[in-house]
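What the coordinates show
Chain by chain, the residues run as shown.
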Amino acid sequence: SQTIHQWPATLVQPVGSPLSLECTVEGTSNPNLYWYRQAAGRGLQLLFYSVGIGQISSEVPQNLSASRPQDRQFILSSKKLLLSDSGFYLCAYDRGLNQPQHFGDGTRLSIL
Amino acid sequence: AQSVTQLGSHVSVSEGALVLLRCNYSSSVPPYLFWYVQYPNQGLQLLLKYTTGATLVKGINGFEAEFKKSETSFHLTKPSAHMSDAAEYFCAVRNRVSGGYQKVTFGTGTKLQVIP
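Notes on the structure in this doc start here. Remember, predicted model here, so these are calculated numbers, not experimental data. (Residues numbered from 1 in each chain as written. Chains lettered and ligands numbered in written order. Predicted model: local features only at pLDDT ≥ 70, side-chain atom pairs only at ≥ 80, totals over all residues. Heavy atoms only, no water.)

Regarding the overall build of chain B
For chain B, the helix and strand inventory stands at zero helices and twelve strands. Starting at the N terminus, the α and β elements of chain B follow one another as β-β-β-β-β-β-β-β-β-β-β-β. Its C-alpha atoms give chain B a radius of gyration of 14 Å, near enough to 13 Å, the size a compact globule of 116 residues would have. Its C-alpha atoms give chain B principal-axis dimensions of roughly 50 × 30 × 20 Å. By the burial criterion, 45% of the 116 residues in chain B qualify as buried. Pairs at least 24 residues apart make up 58% of the contacts formed inside chain B by residues separated by at least 6 positions. (Helix = DSSP H or I, 4+ residues; strand = E, 2+ residues; numbered from the N terminus. Rg over C-alpha atoms; globule rule 2.2 N^0.38 Å. Buried < 20%, exposed > 50% of the residue type's maximum accessible area, 1.4 Å probe, protein only. Contact = heavy atoms within 4.5 Å.)

Here's the deal with the overall build of chain A
Secondary structure summary: chain A contains zero helices and eleven strands in total. Written out in order from the N terminus, the α and β elements of chain A read β-β-β-β-β-β-β-β-β-β-β. With the principal axes as the frame, chain A shows a C-alpha extent of 40 × 25 × 20 Å. Across the 112 residues in chain A, those meeting the buried criterion constitute 49%. Only carbon and sulfur atoms are counted for the fraction: they give 50% of the accessible area of chain A, which is about 5200 Å². (Areas by Shrake-Rupley, 256 points an atom, 1.4 Å probe, with all protein chains shown as cover.)

Some remarks on the pairing of strand E3 (residues 19–26) of chain A
A regular strand carries its side chains on alternate faces of the sheet. Residues and elements named next belong to chain A. Across five bridges, the pairing between strand E1 (residues 3–7) and E3 is antiparallel. Bridging across to E3, tryptophan 7 finds its partner in glutamate 22. Summarising the sheet, E3 and strand E8 (residues 73–78) pair through six bridges and their orientation is antiparallel. Note on E8: the bridge partner recorded for cysteine 23 is phenylalanine 74. (Pairing = 2+ DSSP bridges.)

Some words on the interface of chain A and chain B
Contact with chain A, which involves 23 residues of that partner, is made by 22 residues of chain B. Between chain A and chain B lies a buried interface of about 1800 Å² when both sides are counted; carbon and sulfur atoms form 58% of it. Looking only at chain A, the three residues that lose the most surface to chain B are A:Leu97, A:Asn98 and A:Pro100, adding up to 30% of its buried area. Where chain A packs against chain B, one counts two salt bridges. (Buried area = accessible area lost by both parts, 1.4 Å probe. Salt bridge = Lys/Arg side-chain N within 4 Å of Asp/Glu carboxyl O.)

Some remarks on the environment of A:Val12
All names here are of chain A. Tracing the chain through its elements places valine 12 in strand E2 (residues 10–13). Owing to a relative accessible area of 53%, valine 12 belongs among the exposed residues under this scheme. Distance from valine 12 to glycine 52, taken between C-alpha atoms, is 31 Å for residues 40 residues apart in sequence. Apart from the residues within four sequence positions on either side, valine 12 is in contact with Ser110 and Leu112.

What about the pattern of salt bridges?
Within this structure, the stated rule accounts for six salt bridges over all chains. B:Lys103 is the salt-bridge partner of A:Glu59, the closest N and O atoms lying 3.1 Å from each other. Of the two residues, A:Glu59 is situated in the loop between strand E6 (55–58) and strand E7 (65–70) and B:Lys103 in the loop between strand E10 (87–94) and strand E11 (105–106); the pairing between them involves two chains. For A:Arg68, the salt bridge is made with A:Asp71, and the minimal N-O distance between the two is 3.2 Å. For A:Arg68, a relative accessible area of 3% translates into the label buried.

Some words on the sheet that holds E3(A)
All names here are of chain A. Reading across from one edge, E1-E3-E8-E7 is the order of the four strands in this open sheet, with antiparallel pairing throughout. At either end of the open sheet lies a strand with only one pairing partner, and these are E1 and E7. Direction aside, neighbouring strands of the sheet carry axes that sit 20° apart on average. (Axes fitted to C-alpha atoms, helices over the stretch in contact; angles between N-to-C directions.)

Keep in mind these values describe shape, not function.
Shown next, in the form of structure tokens:
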């Protein structure tokens, strides 16, 4: 069976510090991978998606970047966090355009 | 371009009453449609999906949804609400276009409150 792991579950970081959130998928190969941000009371905002190793597409200009060093690993990073980077970050994958996305348990990021 | 509208950011129902969460979409072609549920501080969990075939789709936890092309709707229903159904529900759409990548568009969500 397929599973998706995302960590850490919660993170408190000072403004200006770096960030690295990791997501891995098990049980499938060549998945499409996604990073979303969910602000309180708002829907999901797609940040990045990847259809293959080293292929990253950014949906919105921002203080964040993403990388896919391995087929089933997706990393969200920042060199210097801003207060506006606070939120609930979700990693997801799917196996094709007619397939649903499957989500990790999310990371609650608080910037102080 | 595709879009999703969920009517009502908050819906309250009594325990045992019918649950109806509305979703309308805009798409140039009949899309793939999905409903997800999210409990506090958790990721989204797939409830059901429509890709092709029968327009009435049954999902987990007793939920079902009907794809109505003429109304561009995909409303989510459950005959009898349970306290454990209290959560936020998201409708999502993806265009079915051959070739290239098509992203998923999510609605803004509907929070369901179940009153005992």
